[in-house]
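Here is what each chain is made of, one letter per residue.
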Amino acid sequence: MFDRLSTRYIIMLCWVIALVVLWGILQLSLPGKLLIDNLNNIEESITAEDWDLTNENLNKLKKDWHDNRLAIQISNGSAEVYEFERALGHLKTLVKHKEDDSLEYLGLLKEISKNITNVFPGP
């Protein structure tokens with residue numbers, strides 16, 4: 001029916017199409033802008049020292065994180081997810097005690113979120 005060369009081309013084309021479809025699905029399902037916007041809102045409220053608004057924004061970030069965690073874990077390794085949750089826990093504790101050092105963990109969360117919301121993150 002098919003000679004060997006045309007069969008290889010068909011298989012190659014199917015793999016390329018599958019890769020593009022997988023990339024598209026992951027790109028649409030990862031909440032890149034959502035997490036960054038939440039982190040920017042938290043940063044603004046910390047610099048304004050509005051700790052009640054910071055707690056509200058932090059709760060919104062935790063809710064959005066838990067809603068999108070499965071998609072993030074599918075596309076990334078567990079080390080980044082663990083580091084994000086660890087830094088989020090530290091940030092929660094520092095906000096609870098109204099510490100200005102929480103900006104340090106906020107910066108860490110921003111860097112981690114850039115990596116975990118990228119479909120093909122670098123090393």
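Each remark here, short or long, concerns the structure printed above.
Okay, so let's go over this structure. (Residues numbered from 1 in each chain as written. Predicted model: local features only at pLDDT ≥ 70, side-chain atom pairs only at ≥ 80, totals over all residues. Heavy atoms only, no water.)

1. With respect to the pattern of salt bridges
When charged atoms on two side chains of opposite charge get close, those side chains can pair. According to the stated counting rule, one finds 7 salt bridges in the structure shown. The closest approach of N and O atoms between R69 and E85, which form a salt bridge, is 3.1 Å. Here E85 lies in helix α4 (residues 78-96) and R69 lies in helix α3 (residues 51-75), a separation of 16 residues in the sequence. With a closest N to O distance of 3.5 Å, K114 and E111 form a salt bridge. (Salt bridge = Lys/Arg side-chain N within 4 Å of Asp/Glu carboxyl O. Helix = DSSP H or I, 4+ residues; strand = E, 2+ residues; numbered from the N terminus.)

2. Quick word on the packing of α3 against α4
Interaxial distance between α3 and α4 falls to 11 Å at its minimum, and their mutual angle equals 165°. Between α3 and α4, the angle falls in the class roughly antiparallel. Crossing of α3 against α4: the hand is left-handed. Facing α3, whose interface residues are W51, T54, N55, L58, L61, K62, W65, R69, I72 and Q73, α4 presents V81, F84, E85, L88, L91, K92 and V95. (Axes fitted to C-alpha atoms, helices over the stretch in contact; angles between N-to-C directions. Parallel < 35°, antiparallel > 145°, perpendicular 65-115°, else oblique. Left-handed = near helix turned anticlockwise from the far one by under 90°. Contact = heavy atoms within 4.5 Å.)

3. Observations concerning the side chain of S113
Relative to the helices and strands, S113 resides in helix α5 (residues 102-116). Take S113: its relative accessible area is 0%, and that puts it in the buried class. In this view, S113 contacts L35, I36, L39 and F84; residues no more than four positions away in its chain are not counted. (Buried < 20%, exposed > 50% of the residue type's maximum accessible area, 1.4 Å probe, protein only.)

4. Overview of unusual backbone geometry
Here E49, not a glycine, exhibits a phi torsion of approximately 55°, which is positive. By the secondary structure assignment, E49 is in the loop between α2 (32-47) and α3. In this model, K98 sits at a positive phi of 55°, which is unusual for a non-glycine residue. Among the secondary structure elements, K98 is positioned in the loop between α4 and α5.

5. Things to note about the environment of N55
Mapping N55 onto the fold places it in helix α3. Under the relative-accessibility criterion, N55 is labelled partly exposed at 32%. Sequence separation between N55 and V95 is 40 residues, and the spatial gap between their C-alpha atoms is 7.2 Å.

6. Quick notes on α5
Between its terminal C-alpha atoms α5 stretches 21 Å, which fits the 21 Å expected from 15 residues at 1.5 Å a residue. Among all positions in α5, only S102, L106, L109, K110, I112, S113 and I116 are buried. Against the buried residues of α5 lie α2, α3 and α4. (Expected span 1.5 Å × (residues − 1).)

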